[in-house]
Amino acid sequence: MRATACSRARISGDIHESEDQVHGDHWAGWTGSACPALLIRSAKGGVLPAEQAVQMVARRPGTRLVELGTEHFLYTNDPVGFADAVRDFLASA
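Rules of the game
Within each chain, residues carry numbers counting from 1 in the order of the written sequence. The predicted origin of the model limits local features to residues at a pLDDT of at least 70 and limits the giving and counting of side-chain atom pairs to 80 or more, whereas totals for whole chains, interfaces and linings rest on all residues. Each side-chain value is derived from all of the structure's non-hydrogen atoms; neither hydrogens nor water enter the calculation. Only runs of H or I of at least four residues qualify as helices and only runs of E of at least two qualify as strands under DSSP, and these elements are numbered from the N terminus. Contacts are assigned to residue pairs with any non-hydrogen atoms lying within 4.5 Å of each other. To be clear on the numbers: accessible area is Shrake-Rupley with a 1.4 Å probe, and residue cover counts the displayed protein chains and nothing else. Between Lys or Arg on one side and Asp or Glu on the other, a salt bridge is scored when a side-chain nitrogen of the former is within 4 Å of a carboxyl oxygen of the latter. Only protein chains enter the accessibility calculation, which uses a 1.4 Å probe; a residue is then buried when its area is under 20% of its type maximum, exposed when over 50%, and partly exposed in between. Two N or O atoms form a polar contact when they lie within 3.5 Å of each other; inside protein one atom must be a possible hydrogen donor and the other a possible acceptor, and for residues adjacent in sequence the pair counts only when both atoms belong to side chains. Classification of ring pairs uses Phe, Tyr and Trp, with its six-membered ring standing for Trp, and accepts pairs whose centres are within 6.5 Å; under 30 degrees between planes counts as stacked, over 60 as edge-to-face, and the remaining range as tilted. Look at NZ for Lys and CZ for Arg. If either is within 6 Å of the ring centre and within 35 degrees of the ring normal, a charge sits over the ring.

Chemist: Explain the overall build of the protein to me, and be specific about the residues and the numbers.
Modeler: Counting secondary structure elements, the protein contains five helices and two strands. Written out in order from the N terminus, the α and β elements of the protein read α-α-β-α-β-α-α. Long-range contacts, defined as pairs at least 24 residues apart, comprise 69% of the intrachain contacts of the protein with a sequence gap of at least 6. For the protein, the exposed area adds up to about 6,800 Å²; of that, 59% sits on carbon and sulfur atoms.

So, in structure tokens, the structure goes:
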């Protein structure tokens, strides 16, 4: 199926809207819960900068930060490390 100019514009708009949502201000949503949270990030960078992860832990009590030494797709690149982090978090709850 060939993309039309209209469908390309819609897809482009969807991509920009998605980017805006990812990079928006989400602190009210993050700090609005008192439930324990597990935050798993890549120690090699990627989507969540280390500074932001530290802020997330500081702003929401009960948050545990685990950094895995792999790339962005943590559960695929380090399934054992990912499963261990989740298992340990759930066992401590």
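Chemist: Quick one: what's the story with the environment of A43, residue by residue and with numbers?
Modeler: You can see A43 is positioned in the loop between β1 (37-42) and α3 (50-59). Separated by 24 residues in the primary sequence, A43 and E67 place their C-alpha atoms 5.2 Å from one another. Those residues in contact with A43, other than ones at most four positions away along the chain, are E67, L68, G69 and T70.

Chemist: Requested: an account of the pattern of salt bridges, with residues and values cited.
Modeler: What the rule picks out here adds up to three salt bridges. Here E67 makes a salt bridge to R41, at a shortest N to O gap of 2.7 Å. Within this pair, whereas E67 is found in strand β2 (residues 63-68), its partner R41 is found in strand β1, the two being separated by 26 residues in sequence. Among the residues examined, R41 registers a relative accessible area of 5% and is labelled buried. One salt bridge in this structure joins K44 and E71, with 3.9 Å as the shortest N-O distance. Placement of K44 in the loop between β1 and α3 and of E71 in the loop between β2 and α4 (74-77) is noted, with a sequence separation of 27 residues between them.

Chemist: Give a detailed account of the side chain of S42, specifying residues and quantitative values.
Modeler: Within the element layout of this structure, S42 appears in strand β1. On the basis of relative accessibility, which here comes to 6%, the residue S42 falls in the buried class. Within the structure, S42 has its side chain in polar contact with the backbone nitrogen of K44 (distance 3.0 Å). For S42, the contacting residues outside a window of four places in its chain are L68, T70, E71, H72 and L74.

Chemist: Mind laying out the packing of aromatic side chains, listing which residues take part and the relevant values?
Modeler: Per the stated rule, a full pass over the model turns up one aromatic pair. Summarising the aromatic geometry, the rings of Y75 and F82 are spaced 6.1 Å apart at their centres and angled 70° between planes, so their arrangement reads as edge-to-face. Its guanidinium or amino end placed over the ring of W27, R59 lies 3.8 Å from that ring's centre, counting from NZ or CZ. If you follow R60 out to its NZ or CZ, it ends over the ring of W30, 4.5 Å from the centre.

Chemist: Which residues make up the environment of L65, and what are the values?
Modeler: Here L65 lies in strand β2. Linking L65 and F89, residues 24 residues apart in sequence, is a C-alpha distance of 10.0 Å. Beyond its immediate stretch of four places on either side in the chain, L65 contacts L39, R41, A53 and V57.

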